[in-house]
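# Residue-level structure breakdown
Residues per chain are reported as follows:
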Amino acid sequence: MGTSRRIQVGIVGCGPAGLLLSQLLHVNGIESVILERRDRAYVEGRIRAGVLEQGTVDLLRAAGVAGRLEREGLIHGGIEIAGAGERIRIPLTDLTGGKVVTIYGQTEVTKDLIAARLAACGEIVFEAEDVQPLDYDTDRPRLTYRKNGETVELACDFIAGCDGFHGVCRASLPEGAIQTLERVYPFGWLGVLAKAPPASDELIYAHHENGFALFSMRSATISRNYLQCRPDEDLTEWPDARVWDELRLRVGDSDGSLVNEGEVLEKSVVPMRSFVAEPLRHGRLFLAGDAAHIVPPTGAKGLNLAASDIHYLHRALIAHYKHGDDSGLDSYSQTALARIWKAERFSWWMTSLLHTFPDTRAFENRMQLAEIEYLLASKAAQTSLAENYVGLPF
Ligand code: RFL
Ligand code: PHB
């Protein structure tokens, strides 16, 4: 064994969940170390989510990292839904008593948080190999890892498993400690980042018989669009010209006046699943973010759910350290899961509403169309969508 030392909270994973937890704890005088398997450039370059709920923005502000977000983020007060031959705007702000969402890439959130952690001399161990959470069912949990050939041990009070869906923390739990509930969808999304002005000022979610399409953005000059595809789609079958044609077709842009073409900067396929692990705690190990749950991206909830988990977890840890009050730690799993399941429901519903399902029969297809027509015409239905899209309260 190489070196060994003590830390209050050991965090596995340098995604938004781990970084936000580390920074919020730091602001409140609690120190942590983040262990990350990948290198910094990889972590900062992963292109993922783009829509932030107000609650997420508020947390980033509390963490002291909202400066650039407030300057560069795009405030959106509505989204558009296209389907059944129509395209309508859902006025999120009007329907939710003034709430908005902010468009700001997960890459930027990650960069801002890493910069803030390092500026405050916070420790992030990139390229930590073979991270192992140990003894978390005792009051002396440990994390071990290898770096530059040396094995390091961190003795912690608590371990936060923020290491994503394929991480080691959930996988290390003893059999029977948690149950997992899952739905895998028979399709994926082909994501395309392009140097082209977005199709519209707001996001467009489109239902089409060829499959779903989403028109999103990162800025006034960068668009981020998605096409429903097979889960194992071969990217070589999607030259740029086919991508643009299909985007135009699915949003009903027959004269090409809506969709702007431009240099394609990145193309990838995202699989789609709904997944929840429960409970989120085993002894002194707490799961948060994608380590605990996955949503299909249709409702833009993945990153926001990671943030709400961290809202509950950081408060619980602060209460423990500052007031010797463990009630928040004891109720973390139940409190976080109550919100997680509602976001799971919304993401599943948006996904079911807008995608084509390869094996569905005529009746189900007509039901889906009827539901889209109802949504497009009913203020009550739109209010329900809006309330969930802007984010349920923490
Ligand atoms: P992350 O971001 O996956 O971060 C987990 C971190 O843990 C590291 N890690 C380990 N570190 C040490 N040891 C190990 N054994 C480790 N195993 C893993 C990983 O390298 C990583 O750095 O989880 P976090 O922080 O919970 O954040 C969650 C969000 O990232 C996620 O919910 C969203 O990005 C989901 N998601 C999307 N959500 C949206 O709302 N809209 C999107 O368009 C969208 N696109 C996506 C996505 C998720 C994707 N993944 C995970 C497949 C696109 C992709 C490709
Ligand atoms: C994105 O901009 O990447 C994005 C936006 C909305 C979603 C999913 C992804 O629902």
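Residues numbered from 1 in each chain as written. Chains lettered and ligands numbered in written order. Predicted model: local features only at pLDDT ≥ 70, side-chain atom pairs only at ≥ 80, totals over all residues. Heavy atoms only, no water.

A few words on the sheet that holds strand E3 (residues 51–52). Ordered in space as E3-E7-E4, the three strands form an open sheet in which the pairing is antiparallel. The sheet is open, and its two borders are formed by E3 and strand E4 (74–76), each paired with just one other strand. Here E3 runs beside strand E7 (residues 101–103); their pairing, made up of two bridges, is antiparallel. Paired with Leu52 across the two strands is Thr102, which belongs to E7. (Pairing = 2+ DSSP bridges. Helix = DSSP H or I, 4+ residues; strand = E, 2+ residues; numbered from the N terminus.)

What follows deals with the domain arrangement of the chain. For the chain, the assigned domains read domain 1 (3–76 + 99–182 + 273–351) and domain 2 (185–271 + 359–390). Computed from C-alpha coordinates alone, the two centres of domain 1 and domain 2 are separated by 29 Å. Counting the surface lost from both domain 1 and domain 2, the interface buries some 2100 Å², and carbon and sulfur atoms represent 66% of this. The largest contributions to the domain 1 side of the interface with domain 2 come from Ile47, His76 and Trp349, which together make up 24% of the buried area. Inspection of the domain 1/domain 2 interface yields zero salt bridges. Inspection of the domain 1/domain 2 interface yields seven residue pairs in polar contact (both at pLDDT 80 or more). Residue assignment for the side of domain 1 that touches domain 2 shows that the elements contributing at least two residues are E4, E7, strand E16 (263–278) and helix H10 (327–354). Sorting elements by how many residues they give to the side of domain 1 that touches domain 2 places H10 first, with six residues. (Domains from an automatic or database assignment. Buried area = accessible area lost by both parts, 1.4 Å probe. Salt bridge = Lys/Arg side-chain N within 4 Å of Asp/Glu carboxyl O. Polar contact = N/O pair within 3.5 Å; in protein donor to acceptor, adjacent residues only side chain to side chain.)

Near ligand 1 lie 29 residues; those nearest to it are Glu36, Arg46, Arg48, Gln106 and Asp290. In this structure, an oxygen atom belonging to ligand 1 sits 2.6 Å away from a side-chain N or O atom of Glu36. Interatomic distance of 2.6 Å between a side-chain N/O atom of Asp290 and an oxygen atom of ligand 1. Across the complex, the protein chains shield 85% of the 1000 Å² of accessible surface that ligand 1 would expose by itself. (Near = heavy atom within 4 Å. Areas by Shrake-Rupley, 256 points an atom, 1.4 Å probe, with all protein chains shown as cover.)

The next thing to look at is the nonpolar core. Ranked by internal contacts, the top residues of the largest apolar core, which has 72 residues, are Leu20, Leu21, Leu35 and Leu313. At ten residues, helix H9 (residues 302–323) tops the list of elements feeding residues into this core. Look past the residues within four positions of Leu21 in its chain and what remains in contact with it is Ile11, Ala160, Cys162, Ile310, Leu313, His314 and Leu317. Residues Ile88, Tyr205, Leu214 and Leu376 belong to the second largest nonpolar core, which totals 33 residues. (Core = buried A, V, L, I, M, F, W, Y, C linked by side-chain atoms within 4.5 Å. Buried < 20%, exposed > 50% of the residue type's maximum accessible area, 1.4 Å probe, protein only. Contact = heavy atoms within 4.5 Å.)

By the element assignment, Cys169 lies in helix H7 (residues 168–172). When the C-alpha positions of Cys169 and Leu134 are compared, they lie 9.5 Å apart, and in sequence the two are 35 residues distant. Cys169 has contacts with Val12, Pro133, Gly161, Asp163, Leu285 and Leu287, leaving out every residue within four places of it along the chain.

It is worth spelling out the layout of surface pockets at this point. Estimates place the volume of the second largest pocket at around 240 Å³. Listing elements by their share of the lining of the second largest pocket, those giving two or more residues are H10 and helix H11 (362–377). Here the lining of the second largest pocket gets five residues from one element, more than from any other, and that element is H11. (1 Å grid on protein atoms, 1.4 Å probe; cavity = no way out; pocket = protein on both sides within 12 Å on 5 of 7 lines; lining within 4 Å. Points joined across faces, edges and corners; volume = space filled by probe spheres on them.)

Attention now moves to the site of ligand 2. In the neighbourhood of ligand 2, 14 residues make up the surrounding shell, with Tyr205, Ser216, Arg218, Tyr226 and Pro297 lying closest. Here an oxygen atom of ligand 2 and a backbone polar atom of Pro297 are 2.8 Å apart. The backbone of Ala300 places a nitrogen or oxygen atom 3.4 Å from an oxygen atom of ligand 2. When ligand 2 sits alone it has 280 Å² of accessible area, and the protein chains cover 97% of it. Among the secondary structure elements, those contributing two or more residues to the shell around ligand 2 are strand E14 (213–217) and strand E15 (223–229). Tallied by class, residues from the shell around ligand 2 come to eight nonpolar, three polar and three charged. Here the shell around ligand 2 spans two domains, since at least three of its residues come from each of domain 1 (3–76 + 99–182 + 273–351) and domain 2 (185–271 + 359–390). (Nonpolar A, V, L, I, M, F, W, Y, C, P; charged D, E, K, R; others polar.)

For the pair helix H1 (residues 16–27) and H9, interaxial distance at closest approach is 9 Å and the crossing angle is 30 degrees. Taken as axis vectors, H1 and H9 run roughly parallel relative to one another. Remark: the crossing between H1 and H9 carries right-handed chirality. Contact residues: Pro16, Ala17, Leu20, Leu21, Leu24 and Leu25 in H1; Leu303, Ala306, Ala307, Ile310, Leu313, His314 and Leu317 in H9. Of the residues contributing to the contact of H1 with H9, the split by class is twelve nonpolar, one polar and no charged. (Axes fitted to C-alpha atoms, helices over the stretch in contact; angles between N-to-C directions. Parallel < 35°, antiparallel > 145°, perpendicular 65-115°, else oblique. Left-handed = near helix turned anticlockwise from the far one by under 90°.)

Those residues of helix H12 (residues 379–389) that fall on the buried side of the exposure criterion are Ala381, Gln382, Leu385, Ala386, Asn388 and Tyr389. Looking straight down H12, one finds its buried side chains confined to an arc of 165 degrees; they lie on one side. In this structure, H12 carries Lys379 and Ala380 as exposed residues pointing more than 90 degrees from its buried face. Where H12 begins, the side chain of Ser378 points an oxygen toward the backbone nitrogen of Ala380, at a separation of 3.2 Å. The first or second residue beyond H12 is Gly391, which carries a positive phi of 110 degrees. (Arc of directions from axis to C-beta.)

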